[in-house]
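# Summary of the model geometry
What follows is each chain in one-letter form.
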Amino acid sequence: MWFLTSADKKTAYIFINEENWKIGDRKDYTIQAFKASKKSQISVLGHNGLILEYEDEANITPTVKQTKEGMEISVTLSQRIYNDKKWKNPIVLKITELNRTE
């Protein structure tokens, strides 16, 4: 996992490169490098966060919240997959309206 931030540090781009992450599986992470606000929003770049192909009932909406342990994010691998049923690229998250941690 690696990060990029906007110049004002209010937006973070988080790159997650997980092997053996199966389509539809949800993963949770706690990140201490950033602090979410009540206005923070999370999105998965390249995906609308609403529909998982062939599984209409799946809840794949990404979430972000601040806890005393850190910023908690929850995301599902839900990109349209290649023919071999694997997503070969990092998942890129965009999180906005962060509080500065300085």
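Whatever comes next refers back to the structure up there.
Residues numbered from 1 in each chain as written. Predicted model: local features only at pLDDT ≥ 70, side-chain atom pairs only at ≥ 80, totals over all residues. Heavy atoms only, no water.

### Describing the environment of isoleucine 16
To be explicit about the condition: Strands here mean DSSP runs of E at least two residues long; helices mean DSSP runs of H or I at least four residues long; both are numbered from the N terminus. For every residue, the accessible area obtained with a 1.4 Å probe (protein chains only) is divided by the maximum for its type, and the residue is called buried under 20%, exposed over 50%, and partly exposed between those limits. The contact rule is simple, with two residues in contact once any of their heavy atoms fall within 4.5 Å.
With respect to the helices and strands, the residue isoleucine 16 is situated in strand 2 (residues 12–16). The class for isoleucine 16 is buried, based on a relative accessible area of 2%. Sequence spacing of isoleucine 16 and leucine 93 is 77 residues, and the spatial spacing of their C-alpha atoms is 8.1 Å. If we skip the residues at most four places from it in the chain, isoleucine 16 touches Met1, Trp21, Tyr29, Ile73, Val75, Pro90, Ile91 and Leu93.

### Some remarks on the pattern of salt bridges
To keep things clear, this is the line we draw: Basic side-chain nitrogens of Lys or Arg form a salt bridge, by our definition, when they fall within 4 Å of a carboxyl oxygen of Asp or Glu.
Applying the stated rule across the entire model yields 2 salt bridges. One salt bridge in this structure joins glutamate 18 and lysine 27, with 3.3 Å as the shortest N-O distance. Here lysine 65 and glutamate 72 are joined by a salt bridge, their closest N and O atoms 4.0 Å apart. Classification of lysine 65 as partly exposed rests on a relative accessible area of 49%. According to the relative accessible area criterion, glutamate 72 is partly exposed, its value standing at 24%.

### Examining the sheet that holds strand 4 (residues 35–44)
As a reminder, the rule being used: Here the rule is simple: two strands pair whenever DSSP picks up at least two bridges between them. Convention adopted: a line fitted to C-alpha atoms gives each axis, helices being fitted over their contacting stretch, and angles between N-to-C directions are expressed from 0 to 180 degrees.
Strand order in this open sheet of 4 strands is 1-2-7-4, and the pairing throughout is antiparallel. In this open sheet, the two edge strands, each paired with only one partner strand, are strand 1 (2–5) and strand 4. For this sheet, the mean angle separating the axes of adjacent strands, direction not counted, is 25 degrees. Two elements, strand 4 and strand 7 (residues 91–99), share 6 bridges in a ladder whose sense is antiparallel. Across the sheet, the residue bridging to glutamine 41 is threonine 96, located in strand 7.

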